[in-house]
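Given next are the chains, with one letter for each unit.
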Amino acid sequence: EAKGRGRGMHVSYRQAMRGQLEERALLERDLKNALKLGEISVSFQPIVANDGKTVVCQEALMRWNHPERGAVSPEVFIPIAEDALLIGPLGEWLLRTACHEAVNWSDDVKLTVNVSALQLNNRSFLGTVVEALAASGLAPERLVLEITESIVLEMDEELEGLIRSLTDIGVSFALDDFGRGYSSLNYIEKMQFSMIKIDRDFVQAASSGSLKSQAIVTAIVSLAQSLDMVVTAEGIEADEQAIAMRALGCTCFQGYFYGAPTESVARTVDGAAEIEDRKVA
Ligand code: C2E
Ligand code: MG
Ligand code: MG
Ligand code: MG
């Protein structure tokens, strides 16, 4: 009987796997034409200062409105885009579109854009950023690139050179989702971040009384202060969370409590189709 059940589980596991692979293949197929079809847009979410009011940054978040499925989460389609080497064109489009929007904001509001490790590994990335800034007229000092710690960034000479070039023109970096992935101390040592964003799950734990999480946040804050980095608490949904994170030394906040991502902006900057057709990662 145990054997039979085992076999049954085996079959349904395989079916589930196959289902997932098919699902992924379908999404990948549709994602290939999504830019051209105008299904990709950008949404912005504020990051506020210690007073809980002053907007210091707006984070650009990619949106995919699938014709049949509706909104597909970036947690689902970004990994597919990375695997299928579509993140390059999608990321370039997003950067250009977001810069185009950001020039209309007050000068003291920065734009943060999430970038994938694959984009940073591409030789043309510096040119892409320079062009997006030039085409929009956005000051480089207003652009912050968010990098997640879960990605494996190979810090070779080429990447160090790219980061130095971007820093030299005035672009800065934020370390995203801190506490979610692997050890980021290595990154912090190798490159200069202007901001560390503490992951939502961590904020949740620290603000609901976990002494360990609180101790870690305190340590991060102290490290950040000595290295001149701002600490942002992500995923703040209630005032009590903000109060707790402020008490631990966080000075910037982001989350539904302050503002959910806006309705998306689907302003097509020149040549979306052209960008997509290049199909380079
Ligand atoms: P992220 O960069 O950490 O972005 C924050 C995510 O948390 C966003 O989800 C946002 O909507 C959500 N969020 C904000 N405040 C709250 C809150 O108070 N409570 C909860 N429960 N969630 C909150 P979203 O837009 O689904 O994006 C998910 C992830 O997808 C992003 O995480 C980022 O890693 C990735 N992503 C989004 N856009 C891009 C992009 O243009 N390029 C790349 N490479 N990745 C992107
Ligand atoms: Mg982010
Ligand atoms: Mg984040
Ligand atoms: Mg995240």
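Preceding this paragraph is the structure being described.
The sections below set out a description of the structure shown in this document. All of these numbers come straight from a predicted model, not from anything done at the bench.

1. Some points on the overall build of the protein chain
- For the protein chain, the count of helices and strands is 11 helices and 9 strands.
- Residues counted as buried form 45% of the 281 residues belonging to the protein chain.
- In the protein chain, of all internal contacts separated by at least 6 residues, the share reaching a separation of at least 24 is 69%.
- Carbon and sulfur atoms provide 52% of the accessible area of the protein chain, an area that totals close to 14300 Å².

2. Digging into the coordination of the magnesium ion (ligand 3)
- With distances of 1.9 to 2.8 Å, the protein atoms coordinating the magnesium ion (ligand 3) are Asp176 (OD), Asp177 (OD), Glu234 (OE) and Glu234 (OE).
- Each donor residue of the magnesium ion (ligand 3) lies on one chain, and together they are spaced D-D-x56-E.

3. Digging into the packing of helix α5 (residues 125–136) against helix α6 (residues 157–169)
- In contact at an axis separation of 10 Å, α5 and α6 are set at 20° when each is read in the N-to-C sense. When the axes of α5 and α6 are compared, the pair comes out roughly parallel. Read as a crossing pair, α5 and α6 show a hand that is right-handed. Residues Phe125, Leu126, Val129, Val130 and Leu133 of α5 form the contact with α6, whose own contacting residues are Leu162, Ser165, Leu166 and Ile169.
- Looking at side-chain class alone, the contact of α5 with α6 contains 8 nonpolar, 1 polar and no charged residues.

4. Overview of the site of ligand 1
- The immediate surroundings of ligand 1 are formed by 22 residues, with Arg63, Asp176, Asp177, Glu237 and Tyr256 found nearest.
- In the environment of ligand 1, a nitrogen atom lies 3.0 Å from a nitrogen or oxygen atom belonging to the side chain of glutamine 45.
- A distance of 3.3 Å separates an oxygen atom of ligand 1 from a polar atom in the side chain of glutamate 234.
- Within the complex, 86% of the 800 Å² of free accessible area of ligand 1 lies under protein.
- When residues of the shell around ligand 1 are traced back to their parent elements, those giving at least two are β2 (55–66), α2 (74–83) and β6 (172–178).
- If you tally residues by element for the shell around ligand 1, the top one is β2, at 4 residues.
- Broken down by class, the residue content of the shell around ligand 1 amounts to 8 nonpolar, 5 polar and 9 charged.

5. Section: helix α3 (residues 87–102)
- Taking 1.5 Å of rise per residue, the 16 residues of α3 would be expected to cover 22 Å, and the 21 Å separating its terminal C-alpha atoms lies within 8% of that figure.
- α3 sits mainly inside the fold: 15 of its 16 residues count as buried.

6. Looking at the nonpolar core
- In terms of nonpolar packing, the biggest core is built from 71 residues, with Leu31, Leu111, Val113, Leu143 and Met245 touching the most fellow members.
- Sort the elements by how many residues they give to this core and α3 lands first, with 8 residues.
- Apart from the residues within four sequence positions on either side, leucine 111 is in contact with Phe44, Gln58, Ala60, Ala98, Cys99, Ala102, Trp105, Leu138, Arg142, Leu143 and Val144.
- Membership of the second largest hydrophobic core comes to 6 residues, among which are Cys57, Val144, Ala174 and Met195.

7. Section: the pairing of strand β5 (residues 143–148)
- In terms of burial, β5 is a largely internal element, 6 of the 6 residues being buried.
- Across the two faces of β5 the burial is the same, with Leu143, Leu145 and Ile147 and Val144, Glu146 and Thr148 all buried.
- Looking at chain direction, strand β4 (residues 110–114) and β5 are connected through 4 bridges and run parallel. Pairing of leucine 111 across the sheet is with leucine 143, part of β5.

8. Focus on the pattern of salt bridges
- Counting across every chain of the model gives 10 salt bridges.
- Lysine 197 serves as the salt-bridge partner of glutamate 59, at 2.9 Å between the closest nitrogen and oxygen. On the criterion of sequence distance, the pair formed by glutamate 59 in strand β2 and lysine 197 in strand β7 (residues 195–198) is long-range, its members being 138 residues apart.
- A salt bridge links arginine 142 to aspartate 107; the shortest N-O distance between them is 3.5 Å. Taken as a pair, arginine 142 in the loop between α5 and β5 and aspartate 107 in the loop between α3 and β4 lie far apart in primary sequence, 35 residues in all.
- Each of Glu59, Glu146, Lys197 and Glu234 takes part in a single network of salt bridges with overlapping partners.

9. Notes on unusual backbone geometry
- One non-glycine residue with positive phi stands out, namely aspartate 177, at about 55°.
- The topology assignment puts aspartate 177 in strand β6.
- Backbone geometry at aspartate 228 places phi at a positive 65°, although glycine is not the residue there.
- Take aspartate 228: it is sitting in the loop between α9 (211–226) and β8 (230–233).

Calculation rules
- Residues numbered from 1 in each chain as written.
- Chains lettered and ligands numbered in written order.
- Predicted model: local features only at pLDDT ≥ 70, side-chain atom pairs only at ≥ 80, totals over all residues.
- Heavy atoms only, no water.
- Helix = DSSP H or I, 4+ residues; strand = E, 2+ residues; numbered from the N terminus.
- Buried < 20%, exposed > 50% of the residue type's maximum accessible area, 1.4 Å probe, protein only.
- Contact = heavy atoms within 4.5 Å.
- Areas by Shrake-Rupley, 256 points an atom, 1.4 Å probe, with all protein chains shown as cover.
- Donors = N, O, S within 2.8 Å, 3.2 Å for Na, K, Ca; no water.
- Axes fitted to C-alpha atoms, helices over the stretch in contact; angles between N-to-C directions.
- Parallel < 35°, antiparallel > 145°, perpendicular 65-115°, else oblique.
- Left-handed = near helix turned anticlockwise from the far one by under 90°.
- Nonpolar A, V, L, I, M, F, W, Y, C, P; charged D, E, K, R; others polar.
- Near = heavy atom within 4 Å.
- Polar contact = N/O pair within 3.5 Å; in protein donor to acceptor, adjacent residues only side chain to side chain.
- Expected span 1.5 Å × (residues − 1).
- Core = buried A, V, L, I, M, F, W, Y, C linked by side-chain atoms within 4.5 Å.
- Pairing = 2+ DSSP bridges.
- Salt bridge = Lys/Arg side-chain N within 4 Å of Asp/Glu carboxyl O.

None of this, on its own, says anything about what the molecule does.
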